[in-house]
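# Summary of structural features
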Amino acid sequence: YPYETLILALGVVTNYFGIPGLPEYSYSIKSQDEVARFKKHLHQQLIDERKPDLNYVIVGAGPTGIELAGALPDYLKQVMKKHNLPKHKIHIDLIEAGPRLLPRLPKHTANRVRRQLRRLGIKLYFNSVVQGQSADELTVNGKPIRSHTVIWTAGVTNNPFFKENGFALMGRGKVAVDAYLQTDPGIYVLGDNANTPYSGLAQTALYDGAFVAHNLKRIADGKDPKNYNPRKPVSVIPAGPHWAAVVWGRYRFNGYLGYLIREAADFVGFQDLEPLDRAAKQWYSGFSYDDDCDLCATKTK
């Protein structure tokens, strides 16, 4: 192959849209460090106050915000139990600037998810614009919501590396790529960073990686590379325990059946990363809570 090969898949960074207070006071879950900081706050707040926060406010009703809203109540109840705290009602607010959930998905699916979230007791705010945050409250449409726990899932932007280094950028700041996901000969840009139809989704990033690896093998074998053919991912939106909405082409699955499909997808994902026996063991054992908290670790054991 006549060129040195460089593969860039740097992911996105959080975009706060210039809203004052959010970088200082809100939490994010886009990296391991951010998740660790968020979980430490949840535990410390419960230890200090001996009760849940007045409101847990999630900003952004996309897939990440919805999954977090559905999972957070059960997680907090487990933490309270391990810390021997009395039972308290947990208030979850989900803030969305648009008129509905999941604008990229069919309205029927969005409505099913909305009903499920309301069944879980989650309060939904639509057409609601965040204007600022302080240490004690979030301002939405000119009104304060009291909270020390605001989680921002509403916006991302392409990694600044590409703008800083003069890459050709398209809509949403994505990098222009050719039919082989190259921005220049031998320089490949994948996943969230590339200007492709389904950029921004995890399945697309995995698909892009496999596509480029296959093409590099073809080139090494003296064959012509194949053109990139975007593949529409299956959309799986978990919303609470044992419940998920699935959009798979023209098929729609909701509730427990959607949850089972999600479980099957997890198994396939594990199998992509590990041998079959290890993948089966991980899938069977499920995901455990991994907390940097001595008391919770003791109770888990």
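Residues numbered from 1 in each chain as written. Predicted model: local features only at pLDDT ≥ 70, side-chain atom pairs only at ≥ 80, totals over all residues. Heavy atoms only, no water.

The next thing to look at is the overall build of the chain. Within the chain, the secondary structure is distributed over 9 helices and 15 strands. The C-alpha atoms of the chain give a radius of gyration of 21 Å, which matches the 19 Å a tight globule of 301 residues would have. Its C-alpha atoms give the chain principal-axis dimensions of roughly 70 × 45 × 40 Å. Sequence separation of at least 24 residues holds for 60% of the intrachain contacts in the chain that already meet a minimum separation of 6. (Helix = DSSP H or I, 4+ residues; strand = E, 2+ residues; numbered from the N terminus. Rg over C-alpha atoms; globule rule 2.2 N^0.38 Å. Contact = heavy atoms within 4.5 Å.)

Another aspect to go through is helix 4 (residues 107-119). Its 13 residues place the ends of helix 4 18 Å apart at the C-alpha level, agreeing with the 18 Å of an ideal helix rising 1.5 Å per residue. Of all the residues in helix 4, the buried ones are T109, A110, V113, Q116 and L117. The arc enclosing the buried residues of helix 4, seen along the axis, measures out at 125 degrees, which places them on a common side. Opposite the packed face of helix 4, turned more than 90 degrees from it, sit the exposed residues K107 and R119. Buried residues along helix 4 sit in contact with helix 3 (63-82), strand 4 (92-95), strand 5 (123-125), strand 14 (244-248) and strand 15 (251-255). (Expected span 1.5 Å × (residues − 1). Buried < 20%, exposed > 50% of the residue type's maximum accessible area, 1.4 Å probe, protein only. Arc of directions from axis to C-beta.)

So, about the packing of helix 7 (residues 256-273) against helix 8 (residues 276-285). For the pair helix 7 and helix 8, the least separation of the axes is 8 Å and the interaxial angle reads 145 degrees. For helix 7 against helix 8, the interelement crossing comes out right-handed. Between helix 7 and helix 8, the contacting residues are E263, D266, F267, F270 and Q271 on the first element and L276, A279, A280, Q282 and W283 on the second. Each residue belonging to the contact of helix 7 with helix 8 can be placed in one class, and the counts come to 6 nonpolar, 2 polar and 2 charged. (Axes fitted to C-alpha atoms, helices over the stretch in contact; angles between N-to-C directions. Left-handed = near helix turned anticlockwise from the far one by under 90°. Nonpolar A, V, L, I, M, F, W, Y, C, P; charged D, E, K, R; others polar.)

Evaluation of the coordinates by the stated rule reveals 9 aromatic pairs. Here the aromatic rings of F161 and F162 are separated by 5.4 Å at their centres, their planes lie at 90 degrees, and the arrangement is edge-to-face. On the basis of relative accessibility, which here comes to 30%, the residue F161 falls in the partly exposed class. Look at Y256 and Y259: their rings are 5.5 Å apart centre to centre, the planes differ by 35 degrees, and that puts the pair in the tilted class. (Phe/Tyr/Trp six-rings, centres within 6.5 Å; stacked < 30°, edge-to-face > 60°.)

A separate point is the sheet that holds strand 8 (residues 143-146). Pairing is antiparallel in the open sheet, where 3 strands are placed in the order 6-7-8. Looking at which strands have only one partner, the edges of the open sheet turn out to be strand 6 (130-133) and strand 8. Strand-to-strand twist in this sheet, taken as the mean axis angle between neighbours without regard to direction, amounts to 25 degrees. As judged from the 4 bridges shared by strand 7 (residues 137-140) and strand 8, these two strands associate in the antiparallel manner. The partner of V140 across the bridge, within strand 8, is K143. (Pairing = 2+ DSSP bridges.)

Grouped together as the largest cluster of nonpolar side chains are 33 residues, with contacts concentrated most on I66, L94, L101, V113 and L117. For this core, the secondary structure elements donating two or more residues are helix 2 (32-49), strand 3 (56-59), helix 3, strand 4, helix 4 and strand 14. Residue contributions to this core peak at 8 residues, all from helix 3. Beyond its immediate stretch of four places on either side in the chain, L117 contacts I66, L94, L101, I122, L124 and A239. By size, the runner-up hydrophobic cluster in this structure holds 12 residues, among which are I95, V130, V150 and W152. (Core = buried A, V, L, I, M, F, W, Y, C linked by side-chain atoms within 4.5 Å.)

Let us now look at the sheet that holds strand 15. With antiparallel pairing, the 3 strands of this open sheet are ordered in space as 13-14-15. This sheet does not close on itself; its edge strands, each paired only once, are strand 13 (235-238) and strand 15. Across this sheet, the average inter-strand angle for adjacent strands is 5 degrees, counted without regard to direction.

Note on pairing: side chains with opposite charge can pair once their charged atoms come close. This structure, assessed with the given rule, holds 4 salt bridges. Two residues, E67 and R262, come together in a salt bridge whose shortest N-O distance is 3.5 Å. Separated by 195 residues along the polypeptide, E67 in helix 3 and R262 in helix 7 bring together distant segments of the chain. Classification of E67 as partly exposed rests on a relative accessible area of 33%. When the shortest N-O distance is used, the salt bridge between R146 and E137 registers 4.0 Å. (Salt bridge = Lys/Arg side-chain N within 4 Å of Asp/Glu carboxyl O.)

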